[in-house]
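Structure at a glance
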Number of protein chains: 2
Amino acid sequence: MIESGRDTGRQFASLVKQLRRAGLRPTRQRLALASLLFEGDNRHVCAENLFDDAQAGNIRVSLATVYNSLHQFTEAGLLREVTVAPGRSYFDTNITDHHHFYHEDDGSLVDIPDDDVISTHLPVPPEGTKIARVDIVVRIESKK
Amino acid sequence: MIESGRDTGRQFASLVKQLRRAGLRPTRQRLALASLLFEGDNRHVCAENLFDDAQAGNIRVSLATVYNSLHQFTEAGLLREVTVAPGRSYFDTNITDHHHFYHEDDGSLVDIPDDDVISTHLPVPPEGTKIARVDIVVRIESKK
DNA sequence: GTGTTTGCAAAGTGTTTGCAATTTA
DNA sequence: TAAATTGCAAACACTTTGCAAACAC
């Protein structure tokens, strides 16, 4: 998928644009990670997880850079962070309005299908505040 | 509120019962923590937080025991755990069905008033699973 | 060249664990 | 007395940081 080094310019034209638009320099590491994240189906990754993918893909990148990139991407609106349990933070490449199933048994996170709409009446936020986002996590477990 | 030591027996009759019912021995530490948690208004505490309260109330208890107790209380259904951000886990003494405002600016957690009902249409859980719980966190921030 | 980004290893944070000593029943 | 619980300190997982070297523009 990714060759291995130095080919920063050519083949990722669209990723380069995407990063630029987000105000991030298209470095080799960011491009490689962006490629893992955004080329293909939507994903829910955690840092360690993406780091492993990178290694497997012969991408030389440090764990610290993975963390930094994930946060930069999130701030730039390219990713959405979902926290489901202490020490279990996912980054979702699907940034459209949607919610999640969290499987308590194996810790996996899955989008709730769009057509299975959860109709929410938004509550009135406390005086002086406004709603930034609504997170709905439907915790599921195996039927015994 | 709590005197200071050794008076495990008498004055916490109802707490003792509550713990016994939950299958937990009413030790001095658990009684003291239960007293902080369950006598008075509903609270959203984190471990560190409750530990500080204990110290302030001259209750001799270790941080490890606070963690253990919080989890035991949660398993026993006396508390409900709410995770809002990586490394930010709250325990809610209100175990009725309800949801939360999470204030992004200061990290505080507040119950959404009961009468401000969020009507959810529950999604169909994936094959072979059932819904264990639905967590809704409404993230709010100060109006600029 | 200048400012940004990276990698490393070290430091942090929040939480859990192992085990001897203590407490409960 | 037997079994459960506690405290401590060490171990832990996950994440962030400081800084010199490498890179983008």
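Preceding this paragraph is the structure being described.
Residues numbered from 1 in each chain as written. Chains lettered and ligands numbered in written order. Predicted model: local features only at pLDDT ≥ 70, side-chain atom pairs only at ≥ 80, totals over all residues. Heavy atoms only, no water.

1. Quick look at the protein's contact with DNA strand D
Near DNA strand D there are 20 residues, and of these R20 and Y67 of chain A together with Q29, R30 and T65 of chain B occur at the shortest range. Of everything in DNA strand D that lies within 4 Å of the protein, sugar and phosphate atoms constitute 83%. R25 of chain B places a side-chain nitrogen or oxygen 3.2 Å from a sugar or linking oxygen of DNA strand D. Within the side chain of R30 of chain B, one N or O atom sits 2.3 Å away from a phosphate oxygen of DNA strand D. For the surface near DNA strand D, the secondary-structure elements that each account for two or more residues are α4 (63-75) of chain A together with α2 (28-38) and α4 (63-75) of chain B. With five residues, the single largest contributor to the surface near DNA strand D is α4 of chain A. For the surface near DNA strand D, the residue count by class is six nonpolar, nine polar and five charged. (Near = heavy atom within 4 Å. Polar contact = N/O pair within 3.5 Å; in protein donor to acceptor, adjacent residues only side chain to side chain. Helix = DSSP H or I, 4+ residues; strand = E, 2+ residues; numbered from the N terminus. Nonpolar A, V, L, I, M, F, W, Y, C, P; charged D, E, K, R; others polar.)

2. Observations regarding the relation of the copies chain A and chain B
Aligned on chain B, chain A shows an RMSD of 0.0 Å; the corresponding rotation is 180 degrees and the shift along the axis is 0.0 Å. The operation mapping one copy onto its partner corresponds to a two-fold rotation axis. Looking at the rotation axis and the C-alpha trace of chain A, the residue lying nearest is I136 of chain A, at 2.3 Å. Here 100% of the interface residues in chain A have copies in chain B that are interface residues too; the copies meet face to matching face. (Least-squares fit on C-alpha atoms with pLDDT ≥ 70 in both. Contact = heavy atoms within 4.5 Å.)

3. Focus: the protein's contact with DNA strand C
Around DNA strand C sit 19 residues, and of these Q29, R30 and T65 of chain A together with Y67 and H71 of chain B come closest. R30 of chain A places a polar side-chain atom, nitrogen or oxygen, 2.6 Å from a phosphate oxygen of DNA strand C. R25 of chain B places a side-chain nitrogen or oxygen 3.1 Å from a base oxygen of DNA strand C. Mapped by element, the contributors of at least two residues to the surface near DNA strand C are α2 (28-38) and α4 of chain A together with α4 of chain B. Considering every element that reaches the surface near DNA strand C, the biggest residue donor is α4 of chain B, with five residues. The residue makeup of the surface near DNA strand C, split by class, is six nonpolar, eight polar and five charged.

4. Considerations on the pattern of salt bridges
Under the defined criterion, the tally for this structure stands at 12 salt bridges over all chains. A salt bridge links D135 of chain A to R133 of chain A, with the nearest nitrogen and oxygen atoms 2.9 Å apart. Overall, D135 of chain A belongs to the buried group, its relative accessible area being 7%. According to the relative accessible area criterion, R133 of chain A is partly exposed, its value standing at 28%. A salt bridge links D53 of chain B to R43 of chain B; the shortest N-O distance between them is 2.6 Å. (Salt bridge = Lys/Arg side-chain N within 4 Å of Asp/Glu carboxyl O. Buried < 20%, exposed > 50% of the residue type's maximum accessible area, 1.4 Å probe, protein only.)

5. Brief notes about α4 of chain A
Residues and elements named next belong to chain A. Here α4 spans 18 Å end to end across 13 residues, near enough to the 18 Å set by a 1.5 Å rise per residue. By the burial criterion, the buried members of α4 are V66, S69, L70 and F73. Along α4, the residues classed as buried sweep out an arc of 100 degrees about the axis, all on the same side. Against α1 (13-21), α2, β1 (44-45), α3 (47-56) and β3 (88-92) lie the buried residues of α4. (Expected span 1.5 Å × (residues − 1). Arc of directions from axis to C-beta.)

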